[in-house]
Amino acid sequence: MITREEVLHIARLARLELSDTELERMREQLNSILTYIDRLRALDVTGVEPTSHAVPLVNVMRDDEVVPPFPQDEMLRNAPDRVGEFFRVPRIIEG
Amino acid sequence: METVIGLEVHAQLLTRSKMFCGCPTTFGAPPNSQTCPVCQGMPGVLPVVNRRAVELGIRAALAFDCRVNAACRFARKHYYYPDMPKNYQITQYEEPLAEDGHLEIEVDGASRTIGIQRLHLEEDVGKLLHEGTLETAQASLVDYNRSGVPLMETVSRPDLRSAEEAAAYLKAFRAVLVFLGVSNGNMEEGSLRCDANVSLRPRGSRELGTKVEIKNMNSFRSVKQALEFEVRRQAEALAAGERIVQETRLWDADRGYTRAMRSKEYAHDYRYFPEPDLVPLTIDRAWIEEIRAGLPELPRQRRARFVTQYGLPPYDAEILTQSRALAEYFEAAVREFPQPKVVSNWVMSELLRELGADDEQAIRSSPVTPARLAGLLVLIEDGTISGKIAKEVFEKMRRGGEDARAIVGREGLTQVADEAALGRVIDQVLARSPRAIEDYKRGKTAAAKALVGQVMKATGGKANPGIVNRLLEEKLSKI
Ligand SMILES: [Zn+2]
């Protein structure tokens, strides 16, 4: 069972601020996901390679060729805040 | 106490385009002018691996005698920081490109083998400019041009025993990468970056002490100074009975000390998992062998060969193999003027006077080509010009891009070897130097040297010094 503290820790890592109600709802949802994982865990998977991809593909690569980048202004257009050619973000280190 | 250091080196791979998209990797472009939805981490985009980056990684792995893994995978490393807008960095974790290699270093003439634990590929992140200092800034500016630039991270084993060894490792490491064309190794532009793990332990102990991570060392000098400082700091703390705290410290080059970064308590909870957008890589033997076949001679091998094949002092060999371009320059010149030590002297003193031994481009494009240097040395050899004049001719070649013979002919720099003409100059000099003659008679040999100097001056440095010496001695003995 996932604890309140663990949910808080994960929320903090994702920079999410949760109210008490939200926290409790997240805890319940995460718990139901973990319960499902427990059911999978009960299966015997001896000799089965761990799956990281659903499709059996390898070595999808491209040649080292330059494609013109997107226009600077277009890339900056959706920024909530900008200064000249830069994105601007709020202070990083918490006081 | 024994010092234990391990280095993590990040090197930018010399590709034209980024790791997972086609954006260019050119340094110094206007902020945010070299990005696209992939490297800015927009939702719904699909990264695709740059084959050349993998090839360069394998090249380096082979040079360090690493085992290239038959299969490798990319992973997401999660952290929340505005230098990486998608909130994870694509890197390799459990299945890196290569493992278990080594690099030979030399300190005080003794060589040591330093283990390389792993070598993996990843993408670089954006660059932050803080408005003010990191601690006081109310906001930061972000440039994502670097975001997605291909990097190779190499983690050494904790085999280094001093700051000096760490600096030697970084130098040797860089030399290999530059030589192989894997990276340009430019520390100022951030193409080569290095973090260190430092700890102390009682001599003879096999356990590792608490390690401290040092960041922000942007030059060889910084690496040496920062690690020297940190070793001293830890030794003093331990001597005073304090405990070392596991933390990350930043080197402050201006103030000359390391200081603890404000602790980010959750910083190391990266929750790695396989990158679902990138399928695994399987590296077949044929590809590895093809890359191996294309490897040039490594700096260490070439250095040893320069000593045995050309009879050069190790010092010369060390300098001449700082870059591939310089080594090739030297060998090309020696092919046309087969006196290796003479060529080496001229390369080290004249060619490298105004360009760096590792400045590949400047060496390759120098107007004084290997053939022109050889042509100049031939003129000294056959007595056409003196060594002193040759240095002037070298300067003129550097500026004008002409052959030595053309310059010497046009400017009338040919050495005066005409004994009658030189004899007249010597007579004039002797006539106005009674003091020097007297000193010479009283056994002061330095007086003869001064007289030779006067003759050289009177002929504008063009007199053949051998003939001047002989004539002067004859004349003095007759006085
Ligand atoms: Zn891009």
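Here is what the cut-offs are and how they apply
Starting from 1, residues in each chain are numbered consecutively following that chain's sequence as written. Each chain takes a letter, starting from A, and each ligand takes a number, starting from 1, following the order in which they are written. For this predicted model, a pLDDT threshold of at least 70 governs which residues receive local features, and a threshold of 80 or more governs which side-chain atom pairs are given and counted, while totals over whole chains, interfaces and linings are taken from all residues. Processing note: side-chain calculations cover all non-hydrogen atoms of the structure and skip hydrogens and water entirely. Donor selection uses N, O and S atoms within 2.8 Å of the metal (3.2 Å for Na, K and Ca). Since no water is included, sites may look incomplete. Four donors are marked tetrahedral only if all angles between them lie between 85 and 135 degrees, whereas four are marked square planar and six octahedral if opposite donors are more than 155 degrees apart and the other angles lie between 65 and 115; the remainder are marked irregular. Here a cavity means grid points, on a 1 Å grid over the protein atoms only, where a 1.4 Å probe fits yet cannot get out; a pocket means an open set of points with protein on both sides within 12 Å along at least five of seven lines; lining residues are those with an atom within 4 Å of a point. Grid points are joined across faces, edges and corners, and a volume is the space filled by probe spheres set on the points. Secondary structure elements are taken from DSSP: a helix is a run of H or I of four residues or more, a strand is a run of E of two residues or more, and numbering for both begins at the N terminus. When residue character is reported, Ala, Val, Leu, Ile, Met, Phe, Trp, Tyr, Cys and Pro are called nonpolar, Asp, Glu, Lys and Arg charged, and the others, Gly included, polar. Note that domain bounds follow an automatic or database assignment of domains. By the convention used here, strands pair only if DSSP detects at least 2 bridges between them. Note on definitions: a residue-residue contact is assigned when non-hydrogen atoms from the two residues lie within 4.5 Å. Every axis corresponds to a line fitted to the C-alpha atoms, with the helix fit spanning only the stretch in contact, and the corresponding angles, defined between N-to-C directions, vary from 0 to 180 degrees. Any cysteine sulfur atom paired with another within 2.5 Å is treated as part of a disulfide. The rule for a salt bridge is simple: a side-chain nitrogen of Lys or Arg has to be within 4 Å of a carboxyl oxygen of Asp or Glu. A simple rule labels every residue: compare its accessible area, found with a 1.4 Å probe on the protein chains alone, to the largest value its type can have, and call it buried under 20%, exposed over 50%, or partly exposed in between.

Trainee: Go over the coordination of the zinc ion, please, and point to the residues and values.
Mentor: Residues and elements named next belong to chain B. Binding of the zinc ion to the protein goes through Cys 21 (SG), Cys 23 (SG), Cys 36 (SG) and Cys 39 (SG), at separations of 2.3 to 2.4 Å. Here the zinc ion is ringed by 4 donor atoms whose angles at the metal span 99 to 115°, and the overall shape comes out tetrahedral. Positions of the donor residues of the zinc ion, expressed as sequence spacing, correspond to C-x1-C-x12-C-x2-C.

Trainee: An account of the layout of surface pockets is requested, with residue identities and associated values reported.
Mentor: All names here are of chain B. Of the volumes computed, that of the second largest pocket is approximately 1300 Å³. Taken together, 47 residues form the lining of the second largest pocket, with Lys 171, Arg 174, Ala 175, Gln 322 and Asp 358 sitting closest to its centre. Among the secondary structure elements, those contributing two or more residues to the lining of the second largest pocket are helix 1 (51-63), strand 7 (98-107), helix 2 (163-180), helix 3 (220-239), helix 5 (299-310) and helix 9 (360-364). Top element by residues in the lining of the second largest pocket is helix 2. It accounts for 11 residues. Grouping the constituent residues of the lining of the second largest pocket by class yields 18 nonpolar, 11 polar and 18 charged. No fewer than three residues from each of domain 1 (2-288) and domain 2 (307-411) sit in the lining of the second largest pocket.

Trainee: Could you give an account of the sheet that holds strand 14 (residues 248-252) of chain B, with specific residues and numbers?
Mentor: Residue and element names in this part refer to chain B. Read from one edge of the open sheet, 9 strands run 3-7-8-11-1-12-13-14-15, paired in mixed fashion. Of all strands in the sheet, those bounded by a partner on one side alone are strand 3 (67-68) and strand 15 (257-260). Bridging between strand 1 (residues 2-12) and strand 12 (residues 192-201) involves 10 bridges; their strand directions are antiparallel. Across the sheet, residue Gly 6 finds its bridge partner in strand 12, namely Asn 197. Against the sheet, helix 3 makes contact with strand 1, strand 12, strand 13 (212-217), strand 14 and strand 15, and its axis sits at roughly 20° relative to strand 12, the strand it touches most.

Trainee: Lay out the state of the cysteines in plain terms, naming residues and giving numbers.
Mentor: Applying the stated criterion across every chain, the model contains 0 disulfides over all chains. Cys72(B) provides the cysteine sulfur closest to Cys66(B), a residue in no disulfide bond, and the two sulfurs are 13 Å apart.

Trainee: Lay out the sheet that holds strand 6 (residues 88-91) of chain B in plain terms, naming residues and giving numbers.
Mentor: All names here are of chain B. Taken together, 3 strands build an open sheet; the order of strands is 6-5-16 and the sheet is antiparallel. The open sheet has two edge strands, strand 6 and strand 16 (273-274), and neither has a second partner. Bridging between strand 5 (residues 75-78) and strand 6 involves 4 bridges; their strand directions are antiparallel. By the bridge assignment, Ala 75 is partnered in strand 6 with Thr 91.

Trainee: An account of the packing of helix 14 (residues 434-441) of chain B against helix 15 (residues 446-458) of chain B is requested, with residue identities and associated values reported.
Mentor: Residue and element names in this part refer to chain B. Contact geometry for helix 14 and helix 15: axes closest at 8 Å, N-to-C directions at 145°. Along its contact with helix 14, which presents Ala 436, Asp 439 and Tyr 440, the element helix 15 presents Ala 447, Ala 448 and Leu 451. Here the contact of helix 14 with helix 15 is built from residues that sort into 5 nonpolar, no polar and 1 charged.

Trainee: With reference to specific residues and values, describe the pattern of salt bridges.
Mentor: All names here are of chain B. The final tally for this structure, using the stated rule, is 50 salt bridges over all chains. Note that Asp 195 and Lys 215 form a salt bridge whose closest N and O atoms lie 3.3 Å from each other. Taken as a pair, Asp 195 in strand 12 and Lys 215 in strand 13 lie far apart in primary sequence, 20 residues in all. Note on Asp 195: relative accessible area 13%, which makes it buried. Accessibility expressed as a relative area gives 27% for Lys 215, which makes it partly exposed. In this structure, Glu 395 engages Arg 399 in a salt bridge whose closest nitrogen and oxygen atoms are separated by 3.7 Å. Taken together, the positions of Glu 395 and Arg 399, both in helix 11 (residues 387-400) and 4 residues apart, correspond to about one turn of that helix. One network of salt bridges, in which partners are shared, links Arg 67, Glu 99, Asp 100 and Arg 157.

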